Structure formats: structure tokens, C-alpha cells
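What follows is the residue order along each chain.
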Amino acid sequence: MGTVVDAANKEANGSIAEKKPTVIFVLGGPGSGKGTQCANIVKHFGYTHLSAGDLLRAEIKSGSENGTMIQNMIKEGKIVPSEVTIKLLQKAIQENGNDKFLIDGFPRNEENRAAFEEVTKIEPEFVLFFDCSEEEMERRLLGRNQGREDDNIETIRKRFNVFLESSLPVVQYYESKGKVRKIDAAKPVEEVFEAVKAVFNAKDEKAAA
Ligand SMILES: Nc1ncnc2c1ncn2[C@@H]1O[C@H](COP(=O)(O)OP(=O)(O)O)[C@@H](O)[C@H]1O
Ligand SMILES: Nc1ccn([C@@H]2O[C@H](COP(=O)(O)OP(=O)(O)O)[C@@H](O)[C@H]2O)c(=O)n1
Ligand SMILES: [Mg+2]
């Protein structure tokens, strides 16, 4: 409080704004294990997990005026306009006391990415990317059993196409900036988490150095 550095920070963030939170984007195809691994990271490393898909599904349930539009887009495997998703993410970040977040399943296209950067001015510390074959992801989604309206073979195929056409280019964008930490996600859950832990431990060692 009250140091020159604090004052400079406040100035840079716009008057009374707090220091920006640390954000890690968690990306990967549908069924690659993003949600599963985020739960592990929360337990071990103290992050708050924000799943864009979960926030959108909660918005449908809440009876919001956008609910029907969101529901239709999810059923078709389409990406909801950034404005809607970013508002939900911003609200979740603001309502939470934590200063470090895993943002799971976002940004899913170039529009998501550019709009988030423009609105929040937050750059991800890195992007955790779960790499998995379509065959394995399909098997997992068909066995997920969470009663999701989009876990049927017809919608799954559409989601795979959207992933290849719209989401992978976002991963490539961050790759060109040296920010992608790629994980082989086809292995059993525990083995995938070993690789995830190595990424987070390396980050902490770097910070302590
Ligand atoms: N490494 C893994 N091996 C086998 N099944 C997995 C693995 N990781 C997750 N699963 C299962 O696959 C399904 C999709 O995982 P989930 O974490 O919801 O993926 P995503 O959020 O990327 O869609 C879930 O039923 C989950 O239990
Ligand atoms: N950034 C995002 C994330 C999800 N979604 C929608 O929500 C659906 C489910 O996303 P999800 O992240 O919960 O799905 P999984 O990858 O976890 O299987 C997507 O197929 C999109 O229709 C979106 O529109 N925009
Ligand atoms: Mg998920």
C-alpha cells in the first residue's frame, strides 16, 4: 500500500483498479480432459477454475434472456458471441477473491481471443494445451454421462470441425508467441496430471529464481 510501485500499478490499470489477475488458458478439443485436469490443478496449485462452457450452461439454467440463443448454439456446437461469454467470465473473476484463474475452453476462436484482450487487457501467462486424438476424444465424450445435450455423435462431429477450423488457429497464435505448454492428453488421467504438474512446478521455480 502506498508505495511508488503501487501507485504506478494503479495508474496503469486505471485509477482504483487492482493488479490484474494471473490467467492461464486451458485449451484442447472436446473431451481432451480440460475439466478433469483443471480440478486437479485447483487442488494442488490453488487456482480458481472457470469453465466457459459451465458458465454458459449456468446462464441457460438461470433463465436469462440470452438462454435460448446460448442453448441453440451449444446444441449445434457453435461458438457463442464473445460479448456474452466475456461478460460471464469477467463477472466470475470480479466476484472471486482469488488472483489466479484457469480459464477452461476459452478463447475458442479468434473473435474470443481478440475481444478478451481488448476488453480486459489481460494476457495469459501461458496456454495449457491438451493434445488428444479425435478417436479417443469421441470415445470419452460418448461415455461422459453428464446428460449434456451436445454429447451425441451428431453434435460431437460438429464440435470437432469447429475445433479444427476455429480453435486450433488460436493455439497456433499463442505458439508463435512461445506461450503454449503442450501436454499428451491421450494417456490415463494420473499420467496426464504428472505432465501438468511439471509445467506448473517449472513456472513456480522460474518465479522463485
Ligand atoms: N486421461 C483420461 N483418460 C480417460 N478418460 C478421461 C481422461 N481425462 C478425462 N477423461 C474422461 O473423459 C470425459 C471428458 O473429460 P472432460 O474433463 O470433461 O474433458 P473436456 O472438459 O476437455 O471436454 C470425462 O468423462 C472424463 O472423466
Ligand atoms: N468459449 C466458449 C466455450 C464454450 N462454448 C460453447 O459451449 C460448448 C461446450 O463447451 P465446453 O468447454 O463445456 O465443452 P468441452 O470442450 O468441455 O467438452 C461449446 O461446444 C460451445 O457451443 C462457447 O460457445 N464458447
Ligand atoms: Mg469441459
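Since the structure is predicted, the reported quantities are computational estimates derived from the model, not experimental observations. Per chain, residue numbering runs from 1 following the sequence as it is written. Numbering of ligands from 1 and lettering of chains from A proceed in the order in which they are written. Under the rules for a predicted model, residues below a pLDDT of 70 receive no local features and side-chain atom pairs below 80 are neither given nor counted, while totals for whole chains, interfaces and linings still include all residues. Here the side-chain values reflect all heavy atoms present in the structure, with hydrogen atoms and water set aside.

## Some words on the UniProt feature "binding site: CMP" (unreviewed entry) in the chain
UniProt positions are given in the numbering used here, feature names are shortened, and annotations may be inferred rather than shown by experiment. Here the UniProt-annotated "binding site: CMP" (unreviewed entry) positions come out as Asn112. Helical segments are the DSSP runs of H or I of at least four residues, strand segments are the runs of E of at least two, and each set is numbered from the N terminus. Position of Asn112 relative to the elements: it lies in helix H6 (residues 110–120). Classification of Asn112 as buried rests on a relative accessible area of 2%. Only heavy atoms matter for contacts: two residues are in contact if any of them lie within 4.5 Å across the pair. Not counting residues within four places of it along the chain, the set of residues in contact with Asn112 comprises Ile79, Val80, Ser82, Ile86, Phe106 and Pro107. Only protein chains enter the area calculation, which uses a 1.4 Å probe; residues under 20% of their type maximum are buried, those over 50% are exposed, and those in between are partly exposed.

## Details of the packing of helix H3 (residues 52–61) against helix H4 (residues 67–75)
Every angle, taken between N-to-C directions, lies between 0 and 180 degrees, and every axis is a line fitted to C-alpha atoms, over only the stretch in contact when it is a helix. With their axes 8 Å apart at the nearest point, H3 and H4 run at an angle of 135 degrees to one another. Classified by the interaxial angle, the pair formed by H3 and H4 is oblique. Like other packed secondary-structure pairs, H3 and H4 cross with a definite hand, here left-handed. Here Leu56, Arg57, Glu59 and Ile60 of H3 lie close against H4, whose contacting residues are Gly67, Ile70, Gln71 and Ile74. We call two directions roughly parallel when the angle between them is under 35 degrees, roughly antiparallel when it is over 145, roughly perpendicular when it lies between 65 and 115, and oblique otherwise. By definition, any crossing whose near helix is turned counterclockwise from its far helix by less than a right angle is left-handed, and any crossing with a clockwise turn is right-handed.

## Topic: the UniProt feature "binding site: a ribonucleoside 5'-phosphate" (unreviewed entry) in the chain
As recorded in UniProt, the feature "binding site: a ribonucleoside 5'-phosphate" (unreviewed entry) lies at Arg57, Lys78, Ile79, Val80, Gly105, Phe106, Pro107, Arg108, Arg148 and Arg159. Those annotated residues lining the largest pocket are, specifically, Arg57, Lys78, Ile79, Val80, Gly105, Phe106, Pro107, Arg108, Arg148 and Arg159. Along the chain, Lys78 falls in the loop between H4 and helix H5 (82–95). Topologically, Gly105 is positioned in the loop between strand E3 (100–104) and H6. Residues contacting Gly105, with those up to four places away along its chain left out, are Val26, Leu27, Lys34 and Ala52. In this analysis a 1.4 Å probe is tested at points of a 1 Å grid over the protein atoms alone, and where it fits but cannot get out there is a cavity; an open set with protein on both sides within 12 Å along at least five of seven lines is a pocket; lining residues have an atom within 4 Å of a point.

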